[in-house]
Each structure stands twice: as C-alpha cells, then as structure tokens.
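The primary structure of each chain is shown beneath.
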Amino acid sequence: MKRRDFLRYTVPAAAATTVIGNIPIRTMGMESPLIRALMDNPTDTDHVLVLVQMNGGNDGLNMVIPIDAYSNYMAARSNVAIPQNKILALAGTSKTGLHPSMTGIQTLFNEGKAAVVQAVGYPNPDFSHFRATDIWMSASDSNQYVNSGWMGRYLDNEYPGFPNGYPNSSMTDPLGIQIGSVTSLTFQGPQVSMGMSISDPVNFYNLINGVQDPAPNSPAGYELTYIRTVARQTQQYADVVKTAALKVTTQSTYPTNNPLADQLKIVARLVKGGLKTRVYMVSIGGFDTHSTQVNQTDTTTGAHASLMKQLSDAIKAFMDDLKFLGVQKRVYGMTFSEFGRRIKSNSSLGTDHGAAAPVILFGEYVAGGVLGNSPTIPGNASVNDNVPMQYDFRSVYASILSSWFCVDNTTLQTVMLKNFQSLPIVKANSCNSTIPDLQDKLLIKNSPNPFTSSTMITFKTDGGHTSIMIIDTLGRMIATLVDQDYTGPGQYSVIFNAEKFAAGVYYARLQNGATQQVRAMLKVK
Amino acid sequence: MDRREFVTARKKTAQSRTYETNETARTFSGLTPYNGTWTSNEVIHLLKRTMFGSTPDDITYFLGLGMNQSVDTLLTVSATPPAPPVKNYNNTNIPTSDPDYNIPIGQTWVTINTTDADGQRRNSLKAWWMGLMINQERNIREKMTLFWHNHFSTETNDLGRMIWAYNYNALCRKNVLGNFKQFVREMTLDAAMLRYLNGYLNINTAPDENYARELQELFTLGKENDPNYTEDDVKKAARVLTGWKINGTTNTYSFTAGQHDTTSKQFSSFYNNTIITGRSGATAGDLELTDLINMIFSKSTEVSRFIVKKLYRYFVYYKIDSATEANVITPLAQLLVSNNWEIKPVLSALLKSEHFFDVVNQGCYIKSPVDLVVSVCREFTIVFPNATDYVNAYNMWSFMQSYAALLQQNIGDPPNVAGWAAFYQAPQFHETWINADTYPRRNLFTDTMIGTGYTRNGQKIVIDPVAFTKKLSNPSDPNILMNDALRILFRIDISTASKTALKNQILLSNQAQDYYWTNAWAAYISNPSAANYQVVYTRLRDLYKYLMDLAEYQLS
C-alpha cells in the first residue's frame, strides 16, 4: 500500500450522454461484459486537469472588470478601482475586460484558449476562509459538512479499494498530484486521501516530504535517517515520478520569482514525462487583500496587481510550454478561490470578504469567451452588498467531469452529490474513450445502481472479521448491514433497504481486516 | 538554549565529546545520578521508555515529582496481580460437553480446563494482555512484563493449553522487578516452558537438550563469552533436568523420580569442572536443579553482563560502545551481583543515571510495534468500551493486538525462542522493525486511527484530535499549539521553518495570519456547534495525521 497520500482521480468510462442519452447505463443491465466494463473501469484517456487555487479570496471584480457597469464600479470602490483606459480589452466583447497585469491571459483569451465564467459561487455563501475553502473543495452545500473532496470521491469511485493493490499494471502512476507539501481536502476520498504531494520531482530528499529537516548529528538523527531511507525505498510512486521527470530535459521559458510558474513548470514536465496522472493541483496565496490591495498613487500596481501578474504570466508560460512540449491538447485548467471580495472597498485601500467571483478556464479545448453577464453592481453600493452568483461552482466541476473526462450521469451524481447544470465550457467532442480491460478489483458492488428503494450489495471477504456500514455524505454511519466473523474466504450478498432514507448518495464501506473499500450508491426518487 | 546544547554545556567540566568526532564513545556519561533540570523533556523521555507513550496527564503528574521520586514511583509495582482474563467469547464451536461451555461470559477461564476452547482463549488472553498495557498504571510493570516475555520466550501456538500461557504471563508479571536467579528457577518449572522447550519429554532414557541449551544460551549466559559453556555442558545439563512433567489437572509441574537420570554430571572447565552429584528419589530434581542454577550463576560476571546488556538495549539504545561498556554495563552488572540478583536496584541505578538522561540517548529508540500501537491509544486517550463490557472491550483490544501482530510483534508468539530480532539481532537491532512492508503499515495504522477509526459491533474507537488539543496549554495560539503537540509527539525537534510551514498549510489553510486559527478555536469553544467543530476538527485531524506520518514519529 502507498504510504503517502495519493490523489485518486479516475475517469469512468463511456460517453454516456452521446450514446445513451439520459438513461444511466446501469439500468440497461449488468450482464454485458462491455457494459460492466464501461461502468466499473477507468477510461484510458490522456486528459489532464490542472486546478489553480488562489488562497485568501481573490478580488474578482478587479480581475475581470465590468466595463458595462463601470460608473457603478468606480462609485463603489474608487480608491481601488482600475482606470477604465487601463483595462485590457477582450476580443469579441466590449462589456468586460481584464486587470492590466494580465496580458498573458488576454492573449490566450484572444486566441480562444482561455475563457471566463462570471460570478461563480453557491447559495448562502460562507465568508470564513476555512469553511469556504472546505465548501469549494468538498463541493458541498453551504450548510452541509462533507468529509471528502470532489476529486477524492471521483477517484474513489474509479479506483476502488485504493491504496490496496496500487500501483498495478493498469495504473502505475499516482492518481493525482499536488505540487507542494500537504495534500488538500480536494483529494480526500471517503476513506483515505488520494493525492500525492511533490515539491521537487527529481530530488528524493524533498519528494517524500516537503517538510523535511536535516537529520541531527546524533543517534536519534542516525535512526531518523534510516527510517527516511526505508520510506524512500518504499515510495514506488516516487520512482515513477522521478523517471517521468527525468525524461524531460528541456522546457520553454518560465518567469522567475513566480512560485506559481515554478509549480506549473513541474506539472508540464510530468505531463510530458508520460505520467498517467490526471489531475494536478497548484496554489498561490496572498489574496486576502483587506488592506493596501493597490498603491494609492497608481491603482494598477500593488499587491493584487502583483498577484494578477503572477497568475497571468505563469499560466501563459505554462500554455506556451505545453505547446513547446507537444502536449497542449491534453490539458485543461481552471482557477478558483474560496470567495470573491466585497463590491465596496474599505478605507484601507483594500476589500473585505465577498461572495461570487469569476473563474478563468484555460486550455486548447476550452470553449472560449465570457460565460455570463458582468456582475450586478448597485448604483449606491453599501458595505453589505456582494456579487450575486450566476453559476454554481459545482456546475463548473460537473461540466468538466462530464465533458472533459466523460463521466456518466450516475457516477457524476454520486461524485457531485447532486445534479448540476451543464455548462458549455469544453469544446464539443472532447471526450475520447476506449474500451478498457476488465478488472476484477471490486470487492463490493451493488445493483441496481441507481436504485429507488433497495439495492443488493455483493461483497467478497478473505475471512475473519468483516463489516459493511452505510455512510452518508456527512460521514455519518446510518446502518450496519454486516458485522461478523467469517471462517474463510467467500462472496456474499446483503440487501440495503433504503426506504426510510432520503434520495442522495450513500457509501457502502466494506472493512475486512486491513482492507477497506467503498462503493458509492445513488438513491433516486 | 536547546536541550542538546544544555547537556553538552553542563558536561564540559567532565568531558567534551560529540557524537561525530569520537567513534568509540557517543558519550562518557555513566551511573552518576542525574542532577540536571527536570523539565517536560526529561519527563517525556523517561515515560516513553518506561511506559507506553507519555500522556499529557502523566507528564504533568511526573513533572511535579522530580526525577528521583518519578523513578521510584515507576519502579513501585503492587504485589497484587491484575484480575485474570475472562470468557469474552460465546459458545459457538464449543460442545456442551466441554467444561468451558458452562463458564458464563465475564467469568475467568483460567481455572477451568478445556478441550475445545483454547482457540478462543488464545485470543482472549492476548486481548486481555493488550488491555493491561493500554490501561497501564503509572509504573514499569507492563513494559517489563513484555521484556521478560521476550527474554524467556514461549509461543502460545506451541502450547496447546492457554491456561499454561496465562500462568506463564502471570509469572513474568509477578517477577517484573524480582529476583532474577529465583525467576530462572521458577521459569524452568513453568508448565508453558516445560511444554515449549520439551522439558516434559526430557527423561533419563532419552534426554532432550532443548531447554538445557536455551537455559544457558538465551536465558542466562549468552553466546559471547570466551571461553563459554560447551556442547557437553548442554548434554549434562539436560540430564540434570530429566524427570519433570506437567500435571494436566493442576497445570503445574510434577516430578517423576523414575525418569530422572541419577548419575553424577561433570561439567567443563568453563564451569570449573563442577560435578553435580546425582540424586534419586522425589527430591532429586529439585536438589539437582538448585545445584545447576547455582553453578550457572557462579559465572556471575557472564550472567550479570548478559542480562544487564539486554536491559540496557531494551531501555536505552542498542549500541554498546567501549565507553558505555566501561561506564554503564560493568558497574550495573556488578550491582546486580552485589544485590544478589535483584533487578530493581539495577533498573533504579540505570534510570536515575546521567547516562540515561544524556541527550545522545534521547530520541534514538525506534518504537516497537506494541510501543507504537499502545502509545497511540494512550497519548491520544482513545476511548475504549468500559472494561466491564467484556465482549466489546476485548474486541477492541484484540484489534490493537492484531495490528501490532501485523507490524510483526505478535505478543505471546515471538518468531522463535530467541524472541524478537529487534532486541538481539546485530547489526540492525530495532531497525528491523522498519522495512518496506511494515513502515507503510505503521502509517496505515495511524492514518486509520485518526481517520475512520475502527468500528465493531456498533462501537467505535478513534483518535479525537480536538479532545487531545484541549489538553494543551494554549490551543488558541497556533504556534503554542504546534510546540506543545510536537513536544509530546516527537522526540526530535523540527525547525521553526517547518513548524511555520505546517502551521500555515494545515492549521491556517494556507492563510498567513494566526488569528484565523485563533478565531476558529474561539468560535468553537464559545459555541461548539457542528459547524464550528468541523472547522477545527478537520484541521487538527490533518495536522496530527501528517505529524504521525513523518519518520520522526517512529522514534521514542
């Protein structure tokens, strides 16, 4: 098993929408091996998703500026507003433009390789960094507490039982990678984290553990070194990552003094190096600009301007590098932040926590343009006014999963916990799917799925103490179906009667000794 | 200054050596009583070595006692044994004719023989033992019970009857701080040992050398001496030991005079050509055994050094260089002899010494699997079912015991009569606990206990990171929180930069201002709603999980 956290990122098979329409494939029956394979196994796709996290709450109003509401915009935040003549124009629209620092993204937009989704948020937004970040990562409602991340759930569905049995011949690589030291909630599956952290893909010293101090010169340090050596040796994924990284000897130019660029450079390297890893997460901080967001004498400069430049330059360099390396068709990216900022600025030359904000998408297969209208800004904005949402962030996630990773409807609902509107943010026919190999890795399955009142769960045990618990998305155990000792290995079935439970996603968790595996089940009305 | 500088500075009047520059001695400190400062650092070091982990409450308690009283307290063990294991299993697979059948759940099985229930009893015994460790008193008893089990190894899988396994365990526990020479005698006649090393098959017409060999090689003298006992000594000792049997009804030893070798046995020059006079009759076995043990223990230098080295490696560090040999092993061995083989004065001298508290001997001990598993339970005060809820309590202790077994330390069943390799196998010693298979499993254990925990029969055991954090001195300050937690969990300092990185990335979710954590904690304390709880819970869970996944956490 893998010691470090690994991102479990999986792409279920089948272009369900084009082939089957709205009918979930499962209801067509489990008999056909083809159907079974399509439902239960990951697609062999080379598509990659890059998530760019901006920590602190990015001031979306100064990133994507409403030219068509400029006077209200200026009235609300004159001390931080960007002068109209400095706003970067976007081809095909005169209603909105970009912060002056974002020349890189402007170029991409004008080439049709970047897009903007306006006012992305969710109902009843939370203004706490911690809570809001958890919401964006878990894709929960604002009054829901979900212990897993959207990517983690997705990977858990695709690679059941992880980390037991991984890596294996059909998936030799980490399921997802976070550049940095600590994997985030985004990658947390229903049981374990699916993400792997990497700070430097070639230097083992940092690979295992971004936070690693030199061992002291003492017996304790001596033993510590021994343990770290063993850790390194068991880190099979580390070898795989290092091998991939070493295959890439040249990349194009990235800006210096740009931590985001440093991270994206690693991502490009690993994509080109041939890792089958499908999702990467990078992040930068410093967006919590409560004060001195801008320089008083020139609002196009200052803290936020530097961050916008960093973001834009890094993404542009990344896109150029992907093209240089010949892998540009494989990558799709999105930015996100836990919230936007207040419409009305404060008197410290800054802005306070807000609500909805734009998301920037980038990649060859981005369906370009601006989706949505400029944010509504009241003529006489008060300190309490916030940008209302036009799109739910979970629609963005869901659209990427279904259009870029070809996720079928049923799986999509179990991952996203609900149905969400599909947005046209990925170019049509971007899904490619091939028939995968059958895998016999599933220790627990259920049928039918989705179901309306009850479903039969079939499971395998090695013998010994075995339990199956039903867990809801909040992590609460709502039923125990099995809790007993088996004298030897075998396969058994048990019925889960969910009549008294609400429609939604439930996890059947199998525990047998050290083995755990989770099955996402969907009850529909 | 940090503790390393402090100790080195204090010792500058004596010697000044660093670990790196002198290969023959990592330190010259010896048995001079430690009179340095008594801070949480020293307390935690002492507790992690003599108990299983150092809980916040225990740290506070011993800090208040001072060094001497702390060691005295740790070496004070009640003569009253703990209640024996009980029947925690049901009668499935036990026929009604078996005597165990009628034992009610919650009543002990150690007094009633069985034919069919030994499988269940084995699990029961191991779970009970694990429970004693998890619920240990503020003394060294359970650490020493495990020491003696490793020293006088037996394997329950070879015993057939778990009452013997229980009695053997109780014998080890009774003798934790007793008289070693007397203990050897009692162990020789212990039913489990008679069974395990074939003592009960050792008869005059067909002597069996198994116990005679291990008695000398593993239990008293060791193999290092030059010269040493000979093969012929083994044969002669076997003949001395003929005639002992196990009484299947009383589960104790008995003696069959007719199967005892009554000839005189002459030993080698190693033993000064001692002759043990052959006896006959009912007392023959006893008298010759006394002679044998006296003869072995007359090699007092060899025996004392052997057992002292074992104790040293168990409590301090496996490397015994020439300085440690001269300054610690030799005087401790002499102390054992001059105290007529009483263990307690030896441990007292060792645990109160400058050498024990020497900074080079801190943090260098790789936790054994039992150490790791039990200390996680204790340091985080995992809530187990009430001890009187026998079925559930034993289930949970059994889970912990199985996990330690998975990590390669199955209490009651060491790999062989030599005990666990980590305690004797040069050159790696305790490094053998850590390999490509066991190390990931250690992380899986801590990840599981801080994540989903373990649920069985509707009961759940799991680490509560918020409850643990509440015991710290000032959880609302994230820097103090980190330092307090690290002081308990790690025996190696990590840099300020690393602490800051962890604080920022985990407690502050990548914000840069401490007040985000302070506010979140304050919100939870003033209103422990589900929402407020979730915010602090997830961050603390991720922090402790990360810390336990680092190599530093494996050291004690």
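For the structure itself, look to the data block above.
Residues numbered from 1 in each chain as written. Chains lettered and ligands numbered in written order. Predicted model: local features only at pLDDT ≥ 70, side-chain atom pairs only at ≥ 80, totals over all residues. Heavy atoms only, no water.

1. Things to note about the overall build of chain B
- Looking only at helices and strands, chain B features 24 helices and 6 strands.
- The C-alpha atoms of chain B give 26 Å as radius of gyration, which agrees with the globular expectation for 556 residues (24 Å, within 12%).
- Overall, the C-alpha framework of chain B stretches about 85 × 70 × 40 Å when taken along its three principal axes.
- Total accessible area computed for chain B in this model is approximately 19,800 Å², and 50% of it derives from carbon and sulfur atoms.
- Charge-centre separation for chain B: the mean point of 53 positive side chains lies 2 Å from the mean point of 52 negative side chains. (Helix = DSSP H or I, 4+ residues; strand = E, 2+ residues; numbered from the N terminus. Rg over C-alpha atoms; globule rule 2.2 N^0.38 Å. Areas by Shrake-Rupley, 256 points an atom, 1.4 Å probe, with all protein chains shown as cover. Lys, Arg positive; Asp, Glu negative; His and termini not counted. Charge placed at Lys NZ, Arg CZ, Asp CG, Glu CD.)

2. Some points on the packing of helix 6 (residues 141–151) of chain B against helix 7 (residues 162–174) of chain B
Residues and elements named next belong to chain B.
- Taken N-terminus to C-terminus, the directions of helix 6 and helix 7 make an angle of 120°; their axes are 8 Å apart at the nearest point. When the axis of helix 6 is compared with that of helix 7, the two are oblique. Note that helix 6 runs across helix 7; the crossing there is right-handed. Residue-level inspection shows Arg-141, Glu-142, Thr-145, Trp-148 and His-149 of helix 6 in contact with helix 7, the latter providing Tyr-168, Asn-169, Cys-172 and Arg-173.
- Per-class residue counts for the contact of helix 6 with helix 7 are 3 nonpolar, 3 polar and 3 charged. (Axes fitted to C-alpha atoms, helices over the stretch in contact; angles between N-to-C directions. Parallel < 35°, antiparallel > 145°, perpendicular 65-115°, else oblique. Left-handed = near helix turned anticlockwise from the far one by under 90°. Contact = heavy atoms within 4.5 Å. Nonpolar A, V, L, I, M, F, W, Y, C, P; charged D, E, K, R; others polar.)

3. Details of the pattern of salt bridges
- In the structure shown here, the tally under the stated rule is 43 salt bridges over all chains.
- Across the pair Asp288(A) and Arg341(A) runs a salt bridge, and its minimum N-O distance is 2.9 Å. Highlighted residues: Asp288(A) in the loop between strand 8 (279–284) and helix 12 (303–325) and Arg341(A) in the loop between strand 9 (331–337) and strand 10 (357–363), separated in sequence by 53 residues. We note that Asp288(A), like Arg341(A), is buried.
- Here Glu231(B) makes a salt bridge to Arg213(B), at a shortest N to O gap of 2.8 Å. Taken together, the residues span a long stretch of sequence, with Glu231(B) in helix 11 (residues 231–240) and Arg213(B) in helix 10 (residues 210–220) at a distance of 18 residues.
- For Glu231(B), a relative accessible area of 43% translates into the label partly exposed.
- Classification of Arg213(B) as partly exposed rests on a relative accessible area of 23%.
- Within the structure, one salt-bridge network assembled from shared partners comprises Asp141(A), Asp392(A), Arg394(A) and Lys418(A). (Salt bridge = Lys/Arg side-chain N within 4 Å of Asp/Glu carboxyl O. Buried < 20%, exposed > 50% of the residue type's maximum accessible area, 1.4 Å probe, protein only.)

4. What to know about the packing of aromatic side chains
- What the rule picks out here adds up to 58 aromatic pairs over all chains.
- Pairing Tyr61(B) with Phe62(B) gives two aromatic rings, centres 5.1 Å apart and planes at 90°, and the pair type is edge-to-face.
- The class of Tyr61(B) is partly exposed, set by a relative accessible area of 36%.
- Centre to centre, the rings of Phe147(B) and Trp148(B) are 4.9 Å apart; their planes meet at 75°, and the pair counts as edge-to-face.
- Taking the relative accessible area as the measure of exposure, Phe147(B) reaches 2% and is therefore buried.
- Taking NZ or CZ as reference, Lys319(B) lies 3.7 Å from the ring centre of Tyr222(A), over its face. (Phe/Tyr/Trp six-rings, centres within 6.5 Å; stacked < 30°, edge-to-face > 60°. Lys NZ or Arg CZ within 6 Å of the ring centre and 35° of its normal.)

5. A look at the interface of chain A and chain B
- With 45 residues of chain A at the contact, the number on the chain B side is 61 residues.
- With both sides pooled, the region where chain A packs onto chain B buries about 4,700 Å², and carbon together with sulfur makes up 58% of that total.
- Per-residue buried area on chain A facing chain B is highest for Phe130(A), Pro219(A) and Ile227(A); these three make up 15% of the total on that side.
- For Arg228(A), the salt bridge goes to Glu552(B), with nearest N and O atoms at 2.9 Å.
- One can count 17 residue pairs in polar contact (both at pLDDT 80 or more) joining chain A with chain B. (Buried area = accessible area lost by both parts, 1.4 Å probe. Polar contact = N/O pair within 3.5 Å; in protein donor to acceptor, adjacent residues only side chain to side chain.)

6. Focus: helix 14 (residues 409–416) of chain A
Residue and element names in this part refer to chain A.
- Of all 8 residues in helix 14, 7 are buried, a share of seventy percent or more.
- By the burial criterion, the buried members of helix 14 are Thr-410, Thr-411, Leu-412, Gln-413, Thr-414, Val-415 and Met-416.
- Looking one or two places after helix 14, you find Leu-417, whose phi comes out positive at around 75°.

7. Some words on the sheet that holds strand 16 (residues 477–486) of chain A
Residues and elements named next belong to chain A.
- Across the sheet, which stays open at both edges, the 4 strands sit in the order 16-15-18-19 with antiparallel pairing between neighbours. Looking at strand neighbours, the two that pair on one side only are strand 16 and strand 19 (515–523), the edges of this open sheet. If you compare each strand with its neighbour and ignore which way they point, the axes differ by 15° on average.
- Sheet topology places strand 18 (residues 504–512) next to strand 19; 9 bridges connect them, and they run antiparallel. Note on strand 19: the bridge partner recorded for Asn-512 is Thr-515.
- Sheet strands touched by helix 14: strand 18 and strand 19. Its angle to strand 19, the strand with the most contacts, is close to 110°. (Pairing = 2+ DSSP bridges.)

8. Topic: the side chain of Asp313(A)
- Tracing the backbone through its elements, the reader meets Asp313(A) in helix 12.
- Look past the residues within four positions of Asp313(A) in its chain and what remains in contact with it is Pro255(A) and Asn258(A).

9. Focus: the side chain of Lys310(B)
- With respect to the helices and strands, Lys310(B) occurs in helix 13 (residues 300–315).
- Beyond its immediate stretch of four places on either side in the chain, Lys310(B) contacts Phe147(B), Asn150(B), His151(B) and Leu218(B).

10. Brief notes about the environment of Val71(B)
All names here are of chain B.
- When you line up the elements, Val-71 lands in helix 4 (residues 66–74).
- When the C-alpha atoms of Val-71 and Met-295 are compared, they prove to be 34 Å apart, with 224 residues separating the residues in sequence.
- With sequence-adjacent residues up to four places away left out, Val-71 is seen in contact with Leu-46, Ser-348, Leu-351 and Lys-352.

11. A closer look at the nonpolar core
Residue and element names in this part refer to chain B.
- Residues Trp-148, Met-400 and Tyr-544 are the most contacted members of the largest nonpolar core, which totals 188 residues.
- Top element by residues in this core is helix 24 (residues 530–549). It accounts for 9 residues.
- Other than its neighbours up to four places away in sequence, Trp-148 contacts Tyr-168, Cys-172, Asn-175, Val-176, Phe-180, Phe-183, Ile-307 and Ile-343. (Core = buried A, V, L, I, M, F, W, Y, C linked by side-chain atoms within 4.5 Å.)

12. As for helix 3 (residues 56–63) of chain B
Residues and elements named next belong to chain B.
- Taken together, the buried positions of helix 3 are occupied by Pro-56, Asp-58, Ile-59 and Phe-62. Projected down its long axis, helix 3 carries its buried residues within an arc of 160°, all on one side.
- As for helix 3, its buried residues are in contact with helix 2 (40–50), helix 4, helix 17 (369–379), helix 20 (465–470) and helix 21 (478–489). (Arc of directions from axis to C-beta.)

13. Describing the sheet that holds strand 4 (residues 93–98) of chain A
All names here are of chain A.
- Read across the sheet, 3 strands follow the order 2-4-3 without closing on themselves; strand pairing throughout is antiparallel. If you trace the sheet from one side to the other, it starts and ends with strand 2 (64–66) and strand 3 (88–90), each paired once. The average angle at which neighbouring strand axes cross in this sheet is 45°, direction not considered.
- Judged from the 3 bridges that link them, strand 3 and strand 4 form a sheet pairing that is antiparallel. What sits directly across from Leu-90, in strand 4, is Thr-93.

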